[in-house]
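If you want the building blocks of each chain, they are given just below.
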Amino acid sequence: MNEDRIQTFTEEIGELKLRGARADRERWLLILGGLGLVAGVGLAIFGGFQASGTTNLGDQVAFLATGTLIGLALVIAGAALFIRYSIARFMRFWLVRLVHEHRSETDRVISALKEIETKLNK
Amino acid sequence: MTNPILELRNIRASYGSIEVLHGVNLSIGRGEVVALLGPNGAGKSTMIKVVSGLLRPTSGQLIVGGRDVTGAAANALARAGLCTIPEGRGIFPNLTVRENLLMATYSGHKLSDIEERTYARFPRLSERRTQLAGTMSGGEQQMLSLARALATNPVILLLDELSMGLAPLIVAELYQQVAAIAAEGVSVLVVEQFARTVLGVADQAVLLAHGKVQVSGKASDIGEDVLAGAYLGS
């Protein structure tokens, strides 16, 4: 490979734009989902109460549209995010547990083999 | 080593709240083959993801060509010349060999040039040029993935489990090709679970276990006892 290629590579790397995004995006989306869920429920209840507290049809429609409907949309979106990332976390812990068990089993097999080897050498 | 082309400094990486890499250091020089070894779950593939830009580390620095590129997008790094051959080959099984090579023309190289270089390096692919890639043997598929990677004229090549599912004879043949690629000045990081196959061609070896570097040094200095210790946890 010639020096020109290395030079081009170094220049292109030098021009790269770097993201400022955080690595723990998943945690923040989980929290966002939870907050959306709670805020959505609150908004829906608030909209419902406000709508039932007035006899004016225009106010009722406005409360239902801005409170209950937006609240329900938030509940659905928040729940989707929360469930998605909760399941991912659960599956990952499950996988780690499997790996851990596998390692413990290997350690047990090795210690048993060593014990057998020691006994055979006696 | 002077001016490493790729360097990892105290890299920590995690999936959600589970940390997989706990402060890993690694350095690769120009034209060097570095073998990244370790048992299942050691963090080898995670390290490849960090180097290729697919996974952003939680802390530490990724230095490429002397610049800190931590957080750079994977496609930008690939376009510059950091090429990854993922586990499972990463070819298009429903396309022919020639069509697979055509996919590498995004890098700006002509198909005729790519074909010429590929068939010179892997004559067997020349005989299979109209065959669907998915119907070829595992070794030939791996050759195709190597050829496609080389078509982009990479400076750094990341290989994840090259030997997976292949016969030892084919693996030895492929690693000879890897050695030839490195001799041309390409820096190669090879992730391999089966250490013996890669140590013959590697300059340096890094043994990873439980997300930490256990041993690193010249590949020739990594003995059976060191490998057994890292793989079996004794």
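Residue numbers here run from 1 along each chain, matching the order of that chain's written sequence. Here every chain gets a letter starting at A, and every ligand a number starting at 1, in the order they are written. Given that the model is predicted, a residue must reach a pLDDT of at least 70 before its local features are reported, and side-chain atom pairs must reach 80 or more before they are shown or counted; all residues, however, enter totals for whole chains, interfaces and linings.

(A) Representation of the sheet that holds strand β4 (residues 59–64) of chain B within the structure. Residues and elements named next belong to chain B. Only strands joined by at least two bridges in the DSSP assignment are considered to pair. Numbering of helices and strands runs from the N terminus; a helix is a DSSP stretch of H or I covering at least four residues, while a strand is a stretch of E covering at least two. Taken in spatial order, the four strands of this open sheet run β2-β1-β4-β5, and their pairing is antiparallel. Looking at the sheet topology across the chains shown, the edges are occupied by β2 (18–28) and β5 (67–68). Sheet analysis places strand β1 (residues 6–15) next to β4, joined by five bridges and oriented antiparallel. Residue pairing in the sheet places Glu7 in a bridge with Ile63 of β4.

(B) Quick peek at the nonpolar core. Here, a nonpolar core means buried Ala, Val, Leu, Ile, Met, Phe, Trp, Tyr and Cys residues linked by C-beta atoms lying within 7 Å of one another. Partly exposed residues are those falling between the two cut-offs: more than 12 but fewer than 20 other C-beta atoms within 10 Å of their own, whereas 20 or more means buried and 12 or fewer means exposed, with C-beta atoms placed from the backbone. Of all hydrophobic cores here, the largest spans 75 residues; its most connected members are Ala35, Leu36, Val178, Val188 and Val190 of chain B. We call two residues in contact if the C-beta atoms placed from their backbones are at most 7 Å apart. When residues no more than four places from it in sequence are discounted, the contact partners of Val178 of chain B are Val33, Leu159, Val188, Val190 and Val201 of chain B.

(C) Region of interest: the pairing of strand β3 (residues 33–37) of chain B. Residues and elements named next belong to chain B. The buried fraction of β3 is high, at five of five residues. Residues Val33, Ala35 and Leu37 of β3 are buried on one face, and the alternating residues Val34 and Leu36, pointing to the opposite face, are buried as well. Bridge count for β3 against strand β9 (residues 204–209) is four bridges, and the pairing is parallel. Each bridged residue has a counterpart across the sheet, and for Leu37 the counterpart in β9 is Leu207.

(D) Molecular detail of the packing of helix α6 (residues 138–150) of chain B against helix α7 (residues 168–183) of chain B. All names here are of chain B. Taken N-terminus to C-terminus, the directions of α6 and α7 make an angle of 10 degrees; their axes are 10 Å apart at the nearest point. In terms of orientation, α6 lies roughly parallel with respect to α7. Across from Gly139, Gln142, Leu146 and Leu150 in α6, the residues of α7 making contact are Ile170, Leu174, Gln177 and Ile181. When residues are sorted by character, Ala, Val, Leu, Ile, Met, Phe, Trp, Tyr, Cys and Pro go into the nonpolar class, Asp, Glu, Lys and Arg into the charged class, and all the rest, Gly among them, into the polar class. Across the contact of α6 with α7, the residue classes tally to five nonpolar, three polar and no charged. Between N-to-C directions, angles cover 0 to 180 degrees, with each direction set by a line fitted to C-alpha atoms, over the stretch in contact for helices. An angle below 35 degrees is treated as roughly parallel, one above 145 as roughly antiparallel, one from 65 to 115 as roughly perpendicular, and anything else as oblique.

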